[in-house]
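Fold and contact review
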Amino acid sequence: MLDAEDVALFVNAASTCTGQSEFYGDAGQQQVSLGFLHAYMFFNYRRLYALCLAAGINHFNKAAIVHRLLAAGAPPGVEARREEGALIAGVLGELPPQRVYRLFASLRRDGVNNRRTRATVKRWLSSRRDLTFDAVKYRGHLRSVARHTHQSMDPALHDFLFEGPDSRKTWEDPLLDAFRRARYEDRALYELPYTVAEGLAAARGIDRKRFLERIAPKMTRAERARVERQVTDTRAKLDPLELERLPLDRLCVYALNQPLSDRDETLDAALTAAARRAWSGSPVALRRVHAVLDDSFSTRSGLQKRNRSLAVALGCGRMLAVTATDYRSFWTSGATRDLHVRPRGQTDLATPLLEALRGEPDLVVVVSDGFENDPPGAAGEVLRLFRAHIDPHGRTRVVHLNPVFDAHSYMPRPLGPGVPTVGIREAGELPLKLGFASFAVGGTRIEALQDWLHHQARPWLEAS
Amino acid sequence: MRLDWNDLQIRPAQVWGGVRLVPVVRREPLEDLRLAPREYTPAQRVAVARPTPRSAYISYVPHGIVARWNNEGAAEVPAETRLGRQELSQDEPVLFLKRLVRREARDQLRMLPLHLAMEGFLALHFGGPTVARACYSKRFRDRGLDPRMERFVRGADLPGLDEALRIFEVHQGQCGLLIFVGDQLASALVVAHPEDYLTLHRTLIADFYGEIVHRFGWTERRVPDIGVQLEGTDLDAIAASLASERDSWDRFTREWASPIVDAEVDDTLVRKAGPYRLVRFSTGWDLDKVVREGEHLGEAMIRTDGRLGYLRTYRMDRGQVRRARVLSDLHAVDWDVQALADAQGHGFIGRVVGDIQQAGLGWILNPQKVVEWAKQA
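This write-up is about the structure you can find in this document. Since the structure is predicted, the reported quantities are computational estimates derived from the model, not experimental observations.

**Side note on the sheet that holds strand β9 (residues 102-105) of chain B**
Residues and elements named next belong to chain B. With antiparallel pairing, 4 strands are arranged side by side in an open sheet as β4-β7-β10-β9. Of all the strands in the sheet, just β4 (33-39) and β9 have a single pairing partner and so form its edges. Averaged over all adjacent pairs, the angle separating strand axes in this sheet is 25 degrees, with direction ignored. Strand direction decides the pairing type here: β9 and strand β10 (residues 108-111), joined by 3 bridges, are antiparallel. Looking across to β10, one finds that A105 is bridged to Q108. Its contacts with the sheet put helix α5 (residues 194-201) on β4 and β7 (63-69), and the angle it makes with β4 is roughly 15 degrees.

Quick look at the structure:
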């Protein structure tokens, strides 16, 4: 007898926890707590564990699952082997390359080098569009994984990686040659990817500001969004078109890092566009939706992920605003303009929740870390009374989305019994998470959850 | 004097481990008093001040508080003054501060938080007996209590306080904080303006606390979060029930912190500061209350209309209360040991001597006399 709650708990944890420090907990606790959950899931429900890759969990945990699956070797049975293989290939295709390279490095560190691992690495490397670029940008990683899993390489790349950039007088490929020249020529530095050039520039003592301005064309959009505040030159700034192309979550973090005076209409429009793009393709239709959004001091999050919780709240609010036909939001601080929120003040969820429950909405979404302190436990009480006396038939659906993993209870902190609490790492996952919410309260059958996971994983399973 | 908390509201506590932090919110800020911390360099944590020309006060002083007031209208944030710069520009390993409370401008004072209260406590009957009785030691008769010492604990050494202060969510309009450690009132801070509270919040970790608070912290590592129970069958009733829960929490906490909140205290005027009076106070020297309610020392700036502009308190240990008690009892009977024994109703000098020795003040007695008294008994 499998328990759906175990799996739901794991999905929630794996959606939020990244092993980084949170506002209320340090990194060590998070890692220990999450490590236990992975081991528990893997040994008890291996198939579901693999299917969880499609449940909207975060990159860190996707990589952790793939690591554990590869380390354990292929499962018995052709069908199971094919399904797991398809899931692994599917997820590696979607992860950003730096994540995959780090995963490969961790496989090497743990001495995992079975046949399936070698085949997986080979397949992923062959799917890379430009391995030469990887050979420069992820030079150490690529060299290490190629050596570890005995991959054969193109002769030029082989020489570049294993004999060194100085092993040939010149390289045919301009990027490889730029890397060789950059070690003694300042100009060649600016032909390299930003992360590679950054280290070389620092070693050479090039003024940071000048460097950033000149390297700007070689930066990715996300990199430019990150360093934009360090430069004054307008060439390095993101223009409105580029802003719109940033993913919703990155844009939210970017917006919250701007001073209030810079949060203008352009940013507003870009957020709406990004939210619309993130929602597109989802079959869920929403009518009257009220959102309770937490902007208390704790949404500042830990040092390693500044403003992450607040960004999720902002992003979710925007997503709901563009899709629901009738939408209202209630911030805990009483803020009215979502673009101007700042992580300040206490967490009083009960007052905005009481407002949100008025007017018979179809769906009430609460985005909060669940650490309620003004007064503690009031939101849970409000919802209990609401269910008991005002809406016993469940006409209004209430979903609590929590961006923070609480290491002590092995899950995102709930508001109270009867309210589904769903872990969420990125606002872009909102449609998926709203679908998942029905499994987060107790009493669902494991088969239903398994079917849902299978449905989510279908694109990957069909692709292979 | 009565500490009047009428214009202050007490909000639900935030709990972390054994520390319970209770925010205090002002209905409307007092605009005519502004405070700012003055950070001394980490290398000069020990400071010497001269309360009177003939005495020196030496202590751990991580920072001072600068207060600026205005007789009519809103006060400005404390300004940098020549005297202030002089204080900060010292590069000796020990910081030399002139007075514990120093006037830096016509409308500006520099204080050392809690040290004003502590200095008042240390100076209690510092001069020794007013009548040269033979029952006291020569040193006590000649030099009084010099050197008078007390020990305390830094906030950073209290278990869990640093983390609790870090994750504390400051309320909108918050002007103060009650600190409970192991569910015992440890300290209170009240300021006039919410913006000043924000800057002073992080200095709480460097301030000092009673050793008894340290013990409470280690015995109670985890205190329960007090949740609410609401009732009502429609949304308005639930909202009303929530409001009444807030009220009852406010009343409950006032009871809990009764030694400081709306309490009668013995105060001494230190100086006047515009519309405020700077006072130091103590709640008394009752040995039975030390552990349960607690006895507190404090300093405050009281407005002419009775409102609190600034308040900072320190919870005393049993030993400290005992010393204060013995000294003030002796003083009350003109330092006559036999008279004190009679006043206590038992007439045994031995008991009084025992009290004095237990308080850690045995050295003030003449040892020969103590032997004689012991033979008599």
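**Details of helix α10 (residues 349-358) of chain B**
Residues and elements named next belong to chain B. Among all positions of α10, only I349, V352, V353 and I356 are buried. What you see down the axis of α10 is that its buried residues fit within an arc of 100 degrees, all on one side. Exposed positions of α10 whose direction lies more than 90 degrees from the buried face are R351 and Q358. Where α10 is buried, its residues touch α8 (318-332), α9 (337-343) and α11 (367-376). Positive phi shows up at G360, right after α10, with a value of about 85 degrees.

**So, the sheet that holds strand β8 (residues 95-96) of chain B**
Taken in spatial order, the 3 strands line up as β6-β5-β8 (chain B) in an open sheet, and their pairing is mixed. Each having just a single partner strand, β6 (57-60) and β8 of chain B make up the two edges of the open sheet.

**Things to note about the packing of aromatic side chains**
Two measures describe an aromatic ring pair: the distance that separates the ring centres and the angle between the ring planes. Residues and elements named next belong to chain A. The final tally for this structure, using the stated rule, is 30 aromatic pairs over all chains. Residues Y101 and W124 carry aromatic rings whose centres are separated by 5.2 Å and whose planes lie at 85 degrees to one another, so their mutual orientation is edge-to-face. With a gap of 23 residues between them, Y101 in helix α6 (residues 97-109) and W124 in helix α7 (residues 115-127) connect regions that are remote in the sequence. For the pair Y101 and W124, one class covers both residues: buried.

**Remarks on the packing of helix α4 (residues 59-72) of chain A against helix α5 (residues 78-94) of chain A**
All names here are of chain A. It is at 11 Å that the axes of α4 and α5 come closest, and there the two elements cross at 145 degrees. Where α4 crosses over α5, the handedness of that crossing is left-handed. Contact with α4, carried on its side by K62, V66, L69 and L70, involves E84, I88, V91 and L92 of α5 and no other residues of that element.

**Details of a nonpolar patch on the surface**
Together, F36, Y40 and Y410 of chain A make up an exposed nonpolar region whose accessible area comes to about 280 Å². Mapped onto the elements, F36 of chain A comes out in helix α2 (residues 27-44).

**Quick notes on the pairing of strand β18 (residues 308-315) of chain B**
Residues and elements named next belong to chain B. Of all 8 residues in β18, 8 are buried; the element is thus mostly enclosed. The pairing of strand β13 (residues 184-190) with β18 spans 2 bridges and is classified as antiparallel. In the strand pairing of β18, V190 is matched with L311. Both strand β17 (residues 296-303) and β18 contribute to a ladder of 7 bridges, which runs antiparallel. In the strand pairing of β18, G298 is matched with T313. Connecting the antiparallel pair β17 and β18 is a turn made up of 4 residues, with G306 showing a positive phi of about 90 degrees.

**A look at the interface of chain B and chain A**
In this complex, chain B contributes 28 residues to the contact, which on the side of chain A involves 28 residues. Counting each side, the surface lost to burial between chain B and chain A is near 2,400 Å², with a carbon and sulfur contribution of 58%. Where chain B meets chain A, there are 3 salt bridges. Put simply, D236 of chain B and R358 of chain A hold a salt bridge, and the shortest N to O gap is 3.1 Å.

**Here we look at the environment of V322 of chain A**
All names here are of chain A. Within the secondary structure layout, V322 lies in helix α19 (residues 308-323). According to the relative accessible area criterion, V322 is partly exposed, its value standing at 21%. It is 10.0 Å that separates the C-alpha atoms of V322 and L286, two residues lying 36 residues apart in sequence. The contacts of V322, once residues within four sequence positions are left out, are T272, A275 and R276.

**Focus: the nonpolar core**
Residues and elements named next belong to chain A. Of all hydrophobic cores here, the largest spans 129 residues; its most connected members are V7 and F104. Examining the composition of this core, we find that 8 residues originate from one element, α19, more than from any other. Setting aside residues up to four positions removed in sequence, V7 forms contacts with M41, Y45, L48, C52, I446, L449 and L453.

**Some remarks on empty space enclosed by the protein**
Think of a ball as big as a water molecule: rolled over the atoms, this probe shows where empty space is left. All names here are of chain B. What the rule picks out here adds up to 1 cavity of 30 Å³ or more. In this model, the largest cavity occupies a volume close to 30 Å³. Together, H63, I65, P113, L189, L200, T203, D207 and R312 line the largest cavity. Among the residues forming the lining of the largest cavity, the class breakdown is 4 nonpolar, 2 polar and 2 charged.

Definitions and limits used
Residues numbered from 1 in each chain as written. Chains lettered and ligands numbered in written order. Predicted model: local features only at pLDDT ≥ 70, side-chain atom pairs only at ≥ 80, totals over all residues. Heavy atoms only, no water. Pairing = 2+ DSSP bridges. Helix = DSSP H or I, 4+ residues; strand = E, 2+ residues; numbered from the N terminus. Axes fitted to C-alpha atoms, helices over the stretch in contact; angles between N-to-C directions. Contact = heavy atoms within 4.5 Å. Buried < 20%, exposed > 50% of the residue type's maximum accessible area, 1.4 Å probe, protein only. Arc of directions from axis to C-beta. Phe/Tyr/Trp six-rings, centres within 6.5 Å; stacked < 30°, edge-to-face > 60°. Left-handed = near helix turned anticlockwise from the far one by under 90°. Patch = residues over 30% accessible without salt bridge, like charges linked within 9 Å, V, L, I, M, F, W, Y side chains within 5 Å. Areas by Shrake-Rupley, 256 points an atom, 1.4 Å probe, with all protein chains shown as cover. Salt bridge = Lys/Arg side-chain N within 4 Å of Asp/Glu carboxyl O. Buried area = accessible area lost by both parts, 1.4 Å probe. Core = buried A, V, L, I, M, F, W, Y, C linked by side-chain atoms within 4.5 Å. 1 Å grid on protein atoms, 1.4 Å probe; cavity = no way out; pocket = protein on both sides within 12 Å on 5 of 7 lines; lining within 4 Å. Points joined across faces, edges and corners; volume = space filled by probe spheres on them. Nonpolar A, V, L, I, M, F, W, Y, C, P; charged D, E, K, R; others polar.

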